[in-house]
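Each chain, written out:
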Amino acid sequence: MKNQGVLFLLLACIGIASCNRNQKQKVVEEKPVSSQCYQSIYEKDTVDLKVNTLKNGKISGDMVMKIDNMPKKEGKISGEFKGDTLFVAYTFIQGAYDKVTFKNPLAFLKRGNELILGNGKIQTTMGASYFVKGEPIDFDNVKYKFTVVDCTDK
């Protein structure tokens, strides 16, 4: 009788585990309703940015930073507009080393057809980086001002 109880408990656990596994939804990348490409050139630096607007108003996209005397940073952005400011998380790899992924917050101010990458105080807590609450983000004394360019596939 004890063996039947243990066997029943084991089968119930397996059944519950398999049900939970089936309930996990596959992450499907949503098709953008619009896309816009931007580029910023500052001295010997070039930054390419593709901004996709999704149906729910969220933003996704790609960004490649080629900064003079530094490894290339290549990754994805995801975030949303708050007023005229686009707040995103930039998840990227640096150079050919793809074993470590970095994630930084970025803020872009939209002025007309231009996006301006702001400078703000960033704090890291328990491995997560974010803008310090209450500290202003400077959009005037900046290096990277993005202008609209034609989108090209890689």
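A quick note: this is a predicted structure, and the numbers were derived from the prediction, not measured.

A.B. asks: What is the right way to look at the pattern of salt bridges in this model?
C.D. replies: Evaluation of the coordinates by the stated rule reveals four salt bridges. With its nearest N and O atoms 3.5 Å apart, the salt bridge here joins Glu74 to Lys72. For Glu74, a relative accessible area of 30% corresponds to the partly exposed category.

A.B. asks: Would you explain the pairing of strand β7 (residues 114-117) in this entry?
C.D. replies: Walk down a regular strand and you will see the side chains alternate between the two sheet faces. Direction of pairing for strand β6 (residues 97-111) relative to β7: antiparallel, over a ladder of four bridges. Considered in β7, the bridge of Arg111 is made with Glu114. Pairing of β7 with strand β10 (residues 145-149), which is carried by two bridges, proceeds in the antiparallel orientation. Note on β10: the bridge partner recorded for Leu115 is Phe146.

A.B. asks: I would appreciate a short explanation of the nonpolar core in the present structure.
C.D. replies: Inside soluble globular proteins, nonpolar side chains tend to come together where they are buried. Within the largest apolar cluster, 19 residues are counted, with the highest numbers of intra-cluster contacts made by Leu49, Met63, Ile77, Phe108 and Phe146. Where this core is concerned, the elements lending two or more residues are β2 (45-53), β3 (59-66), β5 (85-94), β6 and β7. Top contributing element to this core by residue count: β5, with four residues. Setting aside residues no more than four positions away along its own chain, Ile77 makes contact with Leu49, Lys50, Val51, Ile59, Ser60, Gly61, Asp62, Met63, Val88, Ala89 and Tyr90. The next biggest cluster of nonpolar side chains, apart from the first, holds six residues, and it includes Ala107, Leu109, Phe139 and Val142.

A.B. asks: Would you explain unusual backbone geometry in this entry?
C.D. replies: Comment: phi is negative for the bulk of residues other than glycine, and the bulk of peptide bonds are trans. Despite not being glycine, Asn69 has its phi angle at roughly 65°, a positive value. Checked against the element boundaries, Asn69 lands in the loop between β3 and β4 (73-82). With relative accessibility at 75%, the residue Asn69 sits in the exposed group. Phi angles above zero are rare outside glycine, and Met126 is one such case at about 50°. Looking at the element boundaries, Met126 is found in the loop between β8 (122-125) and β9 (128-131).

A.B. asks: Just to check I follow, could you spell out the sheet that holds β4 for this structure?
C.D. replies: Strand pairing in a sheet relies on backbone hydrogen bonds, with the paired strands running either antiparallel or parallel. A barrel is described by the order of its strands in space; here eight strands give the closed sequence β1-β2-β3-β4-β5-β6-β7-β10, paired in antiparallel fashion. Neighbouring strand axes in the sheet, compared pairwise and without regard to direction, differ in orientation by 30° on average. Bridge analysis of strand β1 (residues 34-42) against β10 gives three bridges, and the strand direction is antiparallel. Each residue of the ladder has a partner; that of Gln39, found in β10, is Thr147.

A.B. asks: Honestly, the pairing of β1 in this entry has me stumped. Any pointers?
C.D. replies: Bridge count between β1 and β2: nine bridges; the pairing is antiparallel. Paired with Gln39 across the bridge in β2 is Asp48.

A.B. asks: Just to check I follow, could you spell out the state of the cysteines for this structure?
C.D. replies: Note on terminology: disulfide describes a covalent bond linking the sulfur atoms of two cysteines. Considering all chains together, one arrives at one disulfide under this definition. Disulfide pairing places Cys37 opposite Cys151 at an S-S distance of 1.9 Å. Judged by the sign of its S-S torsion, about 110°, the bond between Cys37 and Cys151 is right-handed. Of this pair, Cys37 sits in strand β1 while Cys151 is found in the segment after β10, placing the two residues 114 residues apart along the sequence.

A.B. asks: Could you clarify how one ought to interpret the packing of aromatic side chains in this entry?
C.D. replies: Two descriptors summarise a pair of aromatic rings, namely the distance from one centre to the other and the angle between the planes of the rings. Scanning the entire structure with this criterion turns up five aromatic pairs. Seen from their ring centres, Tyr42 and Tyr144 are 6.1 Å apart, and the 75° between their planes marks the pair as edge-to-face. Note that Tyr42 is positioned in strand β1 and Tyr144 in the loop between β9 and β10, a separation of 102 residues in sequence. Seen from their ring centres, Phe87 and Phe131 are 6.5 Å apart, and the 75° between their planes marks the pair as edge-to-face. Within this pair, whereas Phe87 is found in strand β5, its partner Phe131 is found in strand β9, the two being separated by 44 residues in sequence. For Phe131, a relative accessible area of 18% gives the class buried. Pairwise contacts between aromatic rings join Tyr90, Phe92 and Phe102 into one cluster. Over the ring of Phe87 we find Lys82, and its NZ or CZ is 5.7 Å from the ring centre.

Cut-off values and rules
Residues numbered from 1 in each chain as written. Predicted model: local features only at pLDDT ≥ 70, side-chain atom pairs only at ≥ 80, totals over all residues. Heavy atoms only, no water. Salt bridge = Lys/Arg side-chain N within 4 Å of Asp/Glu carboxyl O. Buried < 20%, exposed > 50% of the residue type's maximum accessible area, 1.4 Å probe, protein only. Pairing = 2+ DSSP bridges. Helix = DSSP H or I, 4+ residues; strand = E, 2+ residues; numbered from the N terminus. Core = buried A, V, L, I, M, F, W, Y, C linked by side-chain atoms within 4.5 Å. Contact = heavy atoms within 4.5 Å. Axes fitted to C-alpha atoms, helices over the stretch in contact; angles between N-to-C directions. Disulfide = S-S within 2.5 Å. Phe/Tyr/Trp six-rings, centres within 6.5 Å; stacked < 30°, edge-to-face > 60°. Lys NZ or Arg CZ within 6 Å of the ring centre and 35° of its normal.

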